[in-house]
Amino acid sequence: MKLFEFRNFFFDRLEGVYPEEEILALFRVVMEEVPGYKAYEITLRRDEVLSDGTLDELLKITARLKAEEPVQYIFGHATFMGRVFEVDENTLIPRQETEELVAWITEETPDAELNILDIGTGTGCIAISLAAALTRAEVYAIDISSKTLEIAQKNASSNHVDVRFMQRDILKTTSLNDLFKASKDQRFDVIVSNPPYVRDLEKQEIKNNVLKHEPSQALFVSDRDPLIFYRKISELAYQNLSPGGKLFFEINQYLGQETKDLVASFGFSEVVLRKDLSGNDRMIKAIK
Ligand SMILES: C[S@@+](CC[C@H](N)C(=O)[O-])C[C@H]1O[C@@H](n2cnc3c(N)ncnc32)[C@H](O)[C@@H]1O
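Residues numbered from 1 in each chain as written. Predicted model: local features only at pLDDT ≥ 70, side-chain atom pairs only at ≥ 80, totals over all residues. Heavy atoms only, no water.

- Per an unreviewed UniProt entry, the protein carries the name peptide chain release factor N(5)-glutamine methyltransferase and comes from Robertkochia marina.
- Under Catalytic activity (unreviewed entry), UniProt gives the following word-for-word description of the protein: "L-glutaminyl-[peptide chain release factor] + S-adenosyl-L-methionine = N(5)-methyl-L-glutaminyl-[peptide chain release factor] + S-adenosyl-L-homocysteine + H(+)". (UniProt positions renumbered as here; feature names shortened; annotations may be inferred.)

1. Let's talk about the pattern of salt bridges
Then step 1. The final tally for this structure, using the stated rule, is 21 salt bridges.
Then step 2. The salt bridge partner of glutamate 202 is arginine 199, with a shortest N-O separation of 2.5 Å. In terms of burial, glutamate 202 and arginine 199 fall into one category: buried.
Then step 3. Among the ionic contacts, a cluster of salt bridges with common partners joins Glu41, Arg45 and Glu48. (Salt bridge = Lys/Arg side-chain N within 4 Å of Asp/Glu carboxyl O. Buried < 20%, exposed > 50% of the residue type's maximum accessible area, 1.4 Å probe, protein only.)

2. Notes on the UniProt feature "domain: Release factor glutamine methyltransferase N-terminal" (unreviewed entry) in the protein
Then step 1. Within this structure's numbering, the places UniProt gives as "domain: Release factor glutamine methyltransferase N-terminal" (unreviewed entry) are residues 11–76.
Then step 2. Taken as a whole, residues 11–76 contains 67% helix and 0% strand, while its terminal C-alpha atoms sit 23 Å from one another. (Helix = DSSP H or I, 4+ residues; strand = E, 2+ residues; numbered from the N terminus.)

3. A short note on the site of the ligand
Then step 1. The full set close to the ligand counts 19 residues, and Gly120, Asp143, Asp169, Ile170 and Asn194 are the nearest of them.
Then step 2. A distance of 3.4 Å separates an oxygen atom of the ligand from a polar atom in the backbone of glycine 122.
Then step 3. With respect to the ligand, the backbone of arginine 168 contributes an N or O atom lying 3.5 Å from a nitrogen atom.
Then step 4. When contributions to the shell around the ligand are tallied by element, the ones reaching two or more residues are helix H7 (125–133) and helix H10 (216–219). (Near = heavy atom within 4 Å. Polar contact = N/O pair within 3.5 Å; in protein donor to acceptor, adjacent residues only side chain to side chain.)

4. A closer look at helix H4 (residues 52–66)
Then step 1. Over its 15 residues, H4 runs 21 Å from end to end, which matches the ideal 21 Å to within 8%, given 1.5 Å per residue.
Then step 2. Of all the positions in H4, only Thr54, Leu55, Leu58, Ile61, Thr62 and Leu65 are classed as buried. Taken end-on, H4 shows its buried residues confined to a sector of 125°, consistent with a single buried face. Residues of H4 that are exposed and point over 90 degrees away from its buried face: Asp52 and Lys60.
Then step 3. Positive phi appears at glutamate 68, one or two residues downstream of H4, with a value of about 65°. (Expected span 1.5 Å × (residues − 1). Arc of directions from axis to C-beta.)

5. Some words on the nonpolar core
Then step 1. Counting 35 residues, the largest nonpolar core has Leu117, Phe188, Ile191 and Leu247 as its most contacted members.
Then step 2. Of all elements in the fold, only strand S3 (115–119), strand S4 (138–143), strand S6 (188–193), strand S8 (220–221), helix H11 (228–240), strand S9 (241–250), helix H12 (256–264) and strand S11 (281–287) reach the threshold of two or more residues within this core.
Then step 3. It is H11 that contributes the most residues to this core, five residues altogether.
Then step 4. Contact partners of phenylalanine 188, with chain neighbours within four places excluded, come to Asn115, Ile116, Leu117, Tyr140, Leu176, Leu179, Phe180, Asn240, Leu241 and Ser242.
Then step 5. Within the second largest apolar cluster, 27 residues are counted, among which are Ile126, Ile128, Ala152 and Val190. (Core = buried A, V, L, I, M, F, W, Y, C linked by side-chain atoms within 4.5 Å. Contact = heavy atoms within 4.5 Å.)

6. Considering the environment of leucine 149
Then step 1. Along the chain, leucine 149 turns up in helix H8 (residues 146–158).
Then step 2. Residues leucine 149 and glutamine 167 lie 18 residues apart in sequence; the distance between their C-alpha atoms is 7.4 Å.
Then step 3. Excluding its chain neighbours within four sequence positions, the residues that come into contact with leucine 149 are Thr121, Ile142, Asp143, Phe165, Met166 and Gln167.

7. Some points on the layout of surface pockets
In this approach, a probe sized like a water molecule rolls over the atoms, and the result shows the empty space that is left.
Then step 1. The calculated volume of the second largest pocket comes to roughly 180 Å³.
Then step 2. Taken together, Leu3, Phe4, Arg7, Asn8, Leu24, Phe27, Arg28, Ala39, Ile42, Thr43 and Arg46 form the lining of the second largest pocket.
Then step 3. Counting residues per element, the ones that place at least two in the lining of the second largest pocket are helix H1 (3–14), helix H2 (20–33) and helix H3 (39–44).
Then step 4. Looking at the lining of the second largest pocket element by element, the count peaks at four residues for H1. (1 Å grid on protein atoms, 1.4 Å probe; cavity = no way out; pocket = protein on both sides within 12 Å on 5 of 7 lines; lining within 4 Å. Points joined across faces, edges and corners; volume = space filled by probe spheres on them.)

8. Some points on the environment of alanine 127
Then step 1. Tracing the backbone through its elements, the reader meets alanine 127 in helix H7.
Then step 2. Classification of alanine 127 as buried rests on a relative accessible area of 0%.
Then step 3. The sequence separation of alanine 127 and phenylalanine 188 amounts to 61 residues, and the corresponding C-alpha distance is 14 Å.
Then step 4. Beyond its immediate sequence surroundings of up to four residues, alanine 127 is in contact with Asp118, Thr121, Val139, Ala141 and Val163.

Here's what the structure looks like:
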C-alpha cells in the first residue's frame with residue numbers, strides 16, 4: 001500500500017469517531033512515531049510504498065485509535081511543559097490546564113530552599129516540572145497507586161530530577177509531617193494538588209477515550225461529596241504549611257465558588273480563583 005492510500009484508509013476508518021481536524025492531527029502523530037516522517041514529508045512521500053512491517057504496525061494502531069484508545073497510551077508518552085513523560089493506563093494523561101497551574105506556581109515561587117509537596121502526583125508531571133524549574137527546592141510527591149508511582153519515578157529519572165515519591169492515601173492521612181525524613185518539625189512552603197474532581201453526573205460530558213481508558217481513580221468523585229479531596233487537603237495544608245506558605249489546586253470548573261469558599265473556611269488569609277485559557281474557573285491559590 002502506498003502512503004497516500006494508507007492516509008485515505010486511516011481517515012475512512014476514523015471518520016465519525018473523531019472530528020476531521022483531530023484525525024489529521026492523529027495521522028501526523030502516527031506518521032511521526034512509526035515511519036518517522038514529519039508533517040512536511042508526508043506530502044513529499046505520498047507515493048512511497050509502505051513496507052509490510054510498517055503497514056502492519058500502522059493497521060494495528062488504526063484499530064486501537066478506532067477503539068478510542070488515547071494516542072498517548074498507544075505510544076507510551078505525553079508531553080508536559082516541553083518535557084516527555086511516560087504514561088500508561090495507570091496514569092492520567094497530563095493536561096494543558098495543569099501546565100497553566102504549574103506556570104502560576106513557578107511565577108509565584110522563588111527558587112529558594114523550599115519544601116514542596118504534590119498530592120496525587122500521577123505521572124509526576126507537576127512535581128517533576130517544579131523540581132526542574134525550582135532547582136533548590138526539595139520536592140515530595142504522594143499518590144495512592146503504587147503502579148502510578150513506578151511510572152512517576154521513571155519520569156523523574158528520565159527528566160534528571162530528584163523527587164521523593166511516597167505511597168499514601170491522602171484521605172486516610174492525619175498529618176503531613178511524617179513525610180519528612182530529616183525532621184518532623186519541618187513545614188511545607190508550597191502544597192499543590194490536582195485531585196480527582198469530576199462528578200459522576202458529569203460522565204456524560206466526558207469523551208469516550210477518557211471514560212474507557214483513563215484510570216477512574218484519578219478522575220471521579222461521588223456526586224454526594226465532590227469536594228472531599230479539597231476539604232481533606234485544605235485541612236492538612238493549613239496544619240502543615242509554613243506561615244505565608246501557599247496551597248495551589250486545580251479545580252472542577254463548575255465548582256469554582258464552592259471550592260474557593262471551602263478553602264477559605266480553613267482560615268487561609270487570601271484565596272484567589274483563576275480561570276484557564278478557555279475561560280473556565282480552573283485553579284486556586286491560598287496563602288496561609
Ligand atoms: C487528576 S489525577 C492528577 C495526576 C497528575 N498530578 C496530573 O496533574 O496529571 C489525580 C491523582 O490522584 C491520585 N489519587 C486518587 N485518590 C487518591 C488518594 N486517596 N490519595 C492519594 N492520591 C490519590 C490518583 O491516583 C491520580 O494519580
